[in-house]
Amino acid sequence: MPSEREWGTLTREVHEIRHDLRNSRMIIDSLVDNLAELKGDFQRMKTRIATSVAAVVVVSGVVAWALEMFVRPP
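Residues numbered from 1 in each chain as written. Predicted model: local features only at pLDDT ≥ 70, side-chain atom pairs only at ≥ 80, totals over all residues. Heavy atoms only, no water.

A. Focus on the overall build of the chain. Helix and strand counts for the chain stand at one helix and zero strands. Taking 11 Å as the expected radius of gyration for a compact globule of 74 residues, we find that the chain reaches 32 Å, considerably beyond that expectation. Counting only C-alpha atoms and orienting by the principal axes, one finds that the chain spans roughly 110 × 10 × 10 Å. When the 74 residues of the chain are sorted by exposure, 0% land in the buried category. Working note: accessible area of the chain is about 7100 Å², and carbon and sulfur atoms make up 67% of it. (Helix = DSSP H or I, 4+ residues; strand = E, 2+ residues; numbered from the N terminus. Rg over C-alpha atoms; globule rule 2.2 N^0.38 Å. Buried < 20%, exposed > 50% of the residue type's maximum accessible area, 1.4 Å probe, protein only. Areas by Shrake-Rupley, 256 points an atom, 1.4 Å probe, with all protein chains shown as cover.)

B. Region of the structure containing the pattern of salt bridges. Under the counting rule described, the total for this entry stands at two salt bridges. Here Arg12 ties to Glu16 by a salt bridge, and the two come within 3.7 Å at their closest N and O atoms. Of this pair, Arg12 and Glu16 are both found in helix H1 (residues 4–70), four residues apart, which corresponds to roughly one turn of the helix. Note on Arg12: relative accessible area 47%, which makes it partly exposed. (Salt bridge = Lys/Arg side-chain N within 4 Å of Asp/Glu carboxyl O.)

C. Just a nonpolar patch on the surface, in detail. Nonpolar side chains collect at one region of the surface, where Val59, Val63, Trp65, Leu67, Met69, Phe70 and Val71 lie side by side and expose about 770 Å² of accessible area between them. Assignment of secondary structure puts Trp65 in helix H1. (Patch = residues over 30% accessible without salt bridge, like charges linked within 9 Å, V, L, I, M, F, W, Y side chains within 5 Å.)

That's the geometry; what it means functionally is another story.
Here is the structure:
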């Protein structure tokens, strides 16, 4: 049978382990939130890139058409 001192030591260790576990959960929750925010940022960046590429293609087409219409030799 453990002595009173051993019970106190074990109880303190259990409390410390619970505290460490709570801290770990808080850290994981924070990381999950950060990951969700980064996913949203990444999706917005992909949308911006796709929009930029589409705009460049449209502008290039308009410029090519204008050059063909106005600079074509008679």
